[in-house]
Amino acid sequence: MGRKFIDNWIIQLKKTILPLLILSMLKQERLYGYLLIVKIKECTGFDISEGTIYPILNRLKEDGCVNSEWIEQKTGIPRKYYILTQEGEKMMEELNTYWQTIIQDINNQIEYEKE
Amino acid sequence: MKRNDFNSVKAYRIYAKYIEQVKETIARLDKDDMQDIMSEIDSHIYESFISNKKILSEEERMETVIRHLGNPESYLRPILAEKQLKYAINKYNLWGILKGFAALLLTGGQYVTITILYLLILSGGILTIAKIFYPDKTGLFIEDGNFVGLGYLSGINAETIELLGYWLIPISVVSCVIFYFFITFILKKIVTIKTKLNLRNRGI
């Protein structure tokens, strides 16, 4: 019961934070889907499935937070790069501010409990 | 990807079969969206396929890539629902809009759908109480052999006949119980499938 709750909680937390993570990575550089998954895994250890990342990218695109561009490759298989828009940057900053506030508040609460 | 990109015929067949599945799944989208999704999946498969090149055989690599991607219907469902809703809104197609909303509810809001179904059970309870307090105005009504209504009717003509009488109460109660167990069974199935998918995705 306890383990199941913790596992579900971790999954939900990762899902919640994923759009912020994607936007912050796209702020640094434009990325294509596969590379985004690899980079997220490298940076955070999150093992994200394709079925999770592409619907989020599509949602962010529909909301105008990212644009996409097909770039031809020598291999003959083009890559679809995602680029952060100004709207996306604003959204990322807002999400980040809220995220930092929550972390701070929770940390304060946990520290208070310890005392 | 093309046949030339593969040394193994088996690996190519696995790839081609999967691509065919994707095509079938997105067949209802317009040409540009179809092309965009196909190309992105193709690109993803290629990028995944060329990684781990030294470790696994082509066939094993392709199987791993496809397994990781999963059933196209599962991961494309939210994208399809959104695109179809967008088309319907652009064309002022009411039926399409309703279908799109229904699809979106099914993709992200199984629990919303289930909640609405549960609320429907309440209506059975309300019907039972109404029958006790307003027996003449509550029931299954017909007029000249045609269905008029089921429930509470305020304006009843002399020609309107109520068919069930007090049988409405046990029928409502039994229907509610059956409906309740049916919905709960569906909810349990959804939770089981979701848990299995979460475990399979090892994290997300």
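Look up: the structure comes first, before these words.
The rules behind each value
- Residues numbered from 1 in each chain as written.
- Chains lettered and ligands numbered in written order.
- Predicted model: local features only at pLDDT ≥ 70, side-chain atom pairs only at ≥ 80, totals over all residues.
- Heavy atoms only, no water.
- Helix = DSSP H or I, 4+ residues; strand = E, 2+ residues; numbered from the N terminus.
- Areas by Shrake-Rupley, 256 points an atom, 1.4 Å probe, with all protein chains shown as cover.
- Buried < 20%, exposed > 50% of the residue type's maximum accessible area, 1.4 Å probe, protein only.
- Contact = heavy atoms within 4.5 Å.
- 1 Å grid on protein atoms, 1.4 Å probe; cavity = no way out; pocket = protein on both sides within 12 Å on 5 of 7 lines; lining within 4 Å.
- Points joined across faces, edges and corners; volume = space filled by probe spheres on them.
- Salt bridge = Lys/Arg side-chain N within 4 Å of Asp/Glu carboxyl O.
- Axes fitted to C-alpha atoms, helices over the stretch in contact; angles between N-to-C directions.
- Parallel < 35°, antiparallel > 145°, perpendicular 65-115°, else oblique.
- Left-handed = near helix turned anticlockwise from the far one by under 90°.
- Nonpolar A, V, L, I, M, F, W, Y, C, P; charged D, E, K, R; others polar.
- Pairing = 2+ DSSP bridges.
- Phe/Tyr/Trp six-rings, centres within 6.5 Å; stacked < 30°, edge-to-face > 60°.
- Buried area = accessible area lost by both parts, 1.4 Å probe.
- Polar contact = N/O pair within 3.5 Å; in protein donor to acceptor, adjacent residues only side chain to side chain.

### Some thoughts on the overall build of chain B
And step 1. Across its full length, chain B holds seven helices and three strands.
And step 2. When the helices and strands of chain B are placed in sequence order, the string is α-α-α-α-α-α-β-β-β-α.
And step 3. Of the accessible surface of chain B, which amounts to about 13,200 Å², a share of 63% is contributed by carbon and sulfur atoms.

### Points about the environment of Ala11 of chain B
All names here are of chain B.
And step 1. Tracing the chain through its elements places Ala11 in helix H1 (residues 9-25).
And step 2. For Ala11, a relative accessible area of 0% gives the class buried.
And step 3. Distance from Ala11 to Glu60, taken between C-alpha atoms, is 7.8 Å for residues 49 residues apart in sequence.
And step 4. Not counting residues up to four positions away in its chain, the partners in contact with Ala11 are Phe6, Glu58, Glu59 and Met62.

### Quick word on the layout of surface pockets
Over the atoms rolls a probe the size of a water molecule, and its path tells where empty space is left.
And step 1. When its volume is computed, the second largest pocket comes out at roughly 380 Å³.
And step 2. In terms of lining, the second largest pocket is formed by 17 residues, of which the most central are Tyr34 and Glu50 of chain A together with Ser48, Asn52 and His68 of chain B.
And step 3. Taken together, the elements giving at least two residues each to the lining of the second largest pocket come down to helix H2 (33-44) of chain A together with helix H2 (31-50) and helix H3 (58-69) of chain B.
And step 4. The element contributing the most residues to the lining of the second largest pocket is H3 of chain B, with five residues.

### A word on the pattern of salt bridges
Two side chains bearing opposite charge may form a pair once their charged atoms approach each other closely.
All names here are of chain A.
And step 1. In total, this model carries eleven salt bridges over all chains according to the counting rule given.
And step 2. A salt bridge links Asp7 to Arg3, with the shortest nitrogen-to-oxygen separation between them at 3.1 Å. Of this pair, Asp7 and Arg3 both sit in helix H1 (residues 2-28), four residues apart, which is roughly one turn of the helix.
And step 3. Accessibility expressed as a relative area gives 31% for Asp7, which makes it partly exposed.
And step 4. Note on Arg3: relative accessible area 51%, which makes it exposed.
And step 5. For Lys27, the salt bridge identified is with Glu89, shortest N-O distance 3.9 Å. Of this pair, Lys27 sits in helix H1 while Glu89 sits in helix H4 (residues 86-114), placing them 62 residues apart in sequence.
And step 6. Taking the relative accessible area as the measure of exposure, Glu89 reaches 31% and is therefore partly exposed.

### Some words on the packing of H1 of chain B against H3 of chain B
Residue and element names in this part refer to chain B.
And step 1. Viewed as axis vectors pointing N to C, H1 and H3 meet at an angle of 20°, and their least axial separation amounts to 8 Å. Between H1 and H3, the angle falls in the class roughly parallel. Crossing hand, H1 versus H3: left-handed. Contacts between H1 and H3 involve Lys10, Ala11, Ile14, Tyr15 and Tyr18 from the former and Glu58, Glu59, Met62, Glu63, Ile66 and Leu69 from the latter.
And step 2. Of the residues contributing to the contact of H1 with H3, the split by class is seven nonpolar, no polar and four charged.

### Here we look at the sheet that holds strand S3 (residues 79-84) of chain A
All names here are of chain A.
And step 1. A sheet is described by the order of its strands in space; here three strands give the open sequence S1-S3-S2, paired in antiparallel fashion. The open sheet has two edge strands with one neighbour each: strand S1 (31-32) and strand S2 (66-71).
And step 2. As defined by bridge partners, S1 adjoins S3 across two bridges and the pair is classed as antiparallel. Its bridge partner lying in S3, Leu31 is registered against Tyr82.
And step 3. Each of S2 and S3 touches helix H3 (residues 50-62); the most contacted strand, S2, lies at about 115° to it.

### Description of the packing of aromatic side chains
All names here are of chain B.
And step 1. Applying the stated rule across the entire model yields six aromatic pairs over all chains.
And step 2. Relative to Tyr15, the ring of Tyr12 lies with its centre 6.2 Å away and its plane at 40°, an arrangement referred to as tilted. Placement of the pair is Tyr12 and Tyr15 together in helix H1, with a separation of three residues, close to one helical turn.
And step 3. On the basis of relative accessible area, Tyr12 is assigned to the partly exposed category, the value being 26%.

### A short note on the side chain of Asp33 of chain B
And step 1. Position of Asp33 of chain B relative to the elements: it lies in helix H2.
And step 2. Setting aside its immediate chain neighbours within four residues, Asp33 of chain B contacts Lys83 and Tyr87 of chain B.

### Section: the interface of chain A and chain B
And step 1. Facing the 27 residues of chain A at the interface are 25 residues of chain B.
And step 2. With both chains or domains summed, chain A and chain B bury close to 2,500 Å², and 53% of this area falls on carbon and sulfur atoms.
And step 3. Run the count over chain A and chain B and you get four salt bridges.
And step 4. One salt bridge connects Lys80 of chain A with Glu40 of chain B, and the closest N-O pair in it is separated by 3.2 Å.
And step 5. Where chain A touches chain B, the interface holds ten residue pairs in polar contact (both at pLDDT 80 or more).
And step 6. Elements represented by at least two residues in the side of chain A that touches chain B include exactly H1, H2, H3 and S3 of chain A.
And step 7. For the side of chain A that touches chain B, the per-class residue count stands at 13 nonpolar, six polar and eight charged.

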